[in-house]
Amino acid sequence: MILRNLVIFILMSAFFSQPSPSRGQDSAAQPSIQPTSEILKKSKPTDSNSNIYYKNKLEFSLETGWLPKNIPFAFDFLLGGGYNVTGLQYTLVPTLASLRWHMGDVRGPTILRGNWDLTLTAAFTAIPRGPETNYEAYDMGIRRNFVHRNWKIAPYFDGRLGMGRIDAKGPKGARYAQGQDFTFTMMMGCGVRYNFNSRFAISGGMNYMHISNLYLSEPKYPNFGINVYGLMFGIDVRLGKPKQRSPQ
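Residues numbered from 1 in each chain as written. Predicted model: local features only at pLDDT ≥ 70, side-chain atom pairs only at ≥ 80, totals over all residues. Heavy atoms only, no water.

(A) The arrangement of the overall build of the protein in detail. Within the protein, the secondary structure is distributed over three helices and eight strands. Each helix and strand of the protein, ordered N terminal to C terminal, gives the series α-α-α-β-β-β-β-β-β-β-β. The buried share among the 248 residues of the protein stands at 37%. Excluding contacts between residues fewer than 6 apart, the proportion of contacts in the protein whose partners are at least 24 apart in sequence is 68%. (Helix = DSSP H or I, 4+ residues; strand = E, 2+ residues; numbered from the N terminus. Buried < 20%, exposed > 50% of the residue type's maximum accessible area, 1.4 Å probe, protein only. Contact = heavy atoms within 4.5 Å.)

Below, the structure is given as structure tokens:
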């Protein structure tokens, strides 16, 4: 019995006294494990606006404004004019129903980062101050959205050109009124857009509006034109389904 216990004790002592493999042996036998941060590729910065401004997005836009400030024609210097304002004051109240088509995804560096949208507009303009009473037009234009990552607010500027019909009072003897019904229009504006989510947004800013007949009524009736600016507000609503996420 004593001899058996002694043998068992010697065997157990020999087993537990074996040296454990050194750290250096482990590293030589096994490949080193790199930190996860060094193996994984750097992830792209998140952009919550990628599902708001993207190629082929369609939106319905409804805008209205109050344009009471009369100024000379903005490009009068190209026509050799003297930046004069007629003695007749106008106030225009445009209502614009538009279809916006985003022509591309967001691109560009730093503060110029953004996208363009093409705007098709049916416009009705009430004239509460002036000899004429209303103006209907069809306009086309583009808007540049300046899109910063994860900002709900996006500055913009836009421009539109079109043609329409005004109830001209120049042929009826109203001084400084418009010389004929068929006229052309130009609009330029800037402001900011606030996105509630990928479907709804509102906007607000300043807008300049010009109406004239490009001298088509002369020499019988003078072409004085209308040049006003003021505030413009709008709402944008996405049409169709939201953007589909690309598979990871």
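Moving on, there is more to tell.
(B) Just the packing of aromatic side chains, in detail. Taken as a whole and assessed by the stated rule, the structure comprises six aromatic pairs. Relative to Phe 157, the ring of Trp 116 has its centre 6.1 Å away and its plane inclined at 90°; by these criteria the two rings are edge-to-face. A residue pair is termed long-range when its members are at least 10 positions apart, and Trp 116 in strand β3 (residues 114-129) and Phe 157 in strand β5 (residues 153-166) qualify at 41 residues. Residue classification places Trp 116 among the partly exposed residues on the basis of a relative accessible area of 33%. Of the residues examined, Phe 157 reaches a relative accessible area of 39% and is grouped as partly exposed. A centroid spacing of 6.0 Å and a plane angle of 40° characterise the contact between Phe 146 and Phe 157, whose relative ring orientation is tilted. Placement of Phe 146 in strand β4 (residues 134-146) and of Phe 157 in strand β5 is noted, with a sequence separation of eleven residues between them. (Phe/Tyr/Trp six-rings, centres within 6.5 Å; stacked < 30°, edge-to-face > 60°.)

(C) Expanded view of unusual backbone geometry. Of note, the amide linkage connecting Glu 218 to Pro 219 takes the cis form, showing an omega dihedral of 5°. Tracing the sequence through the fold places Pro 219 in the loop between β7 (200-212) and β8 (226-239). For Asn 150, which is not glycine, the phi torsion reads 70° and is therefore positive. One can find Asn 150 in the loop between β4 and β5. Of note, the phi angle at Leu 214 is positive, near 55°, even though the residue is not glycine. Following the sequence through the fold, Leu 214 ends up in the loop between β7 and β8. Using a relative accessible area of 52% as the deciding quantity, one classes Leu 214 as exposed.

(D) Structural detail: the side chain of His 210. Structurally, His 210 can be placed in strand β7. Overall, His 210 belongs to the buried group, its relative accessible area being 11%. Polar side-chain contacts of His 210 include one of 2.9 Å to the side chain of Ser 212. A distance of 3.5 Å separates a polar side-chain atom of His 210 from the backbone oxygen of Ile 226. Excluding residues that lie within four positions of it along the chain, His 210 makes contacts with Phe 73, Phe 184, Thr 185, Met 186, Ile 226 and Asn 227. (Polar contact = N/O pair within 3.5 Å; in protein donor to acceptor, adjacent residues only side chain to side chain.)

(E) Region of the structure containing the nonpolar core. Core analysis: the largest hydrophobic core is formed by 18 residues, its most contacted members being Tyr 90, Leu 92, Met 209, Ile 226 and Val 228. For this core, the secondary-structure elements that each account for two or more residues are β2 (91-102), β3, β4, β7 and β8. Setting aside its immediate chain neighbours within four residues, Leu 92 contacts Gly 65, Trp 66, Leu 67, Thr 125, Ala 126, Ile 127, Met 209, Ile 211, Ile 226 and Val 228. Counting five residues, the second-largest nonpolar core is a separate cluster that includes Ile 52, Tyr 53, Val 106 and Val 147. (Core = buried A, V, L, I, M, F, W, Y, C linked by side-chain atoms within 4.5 Å.)

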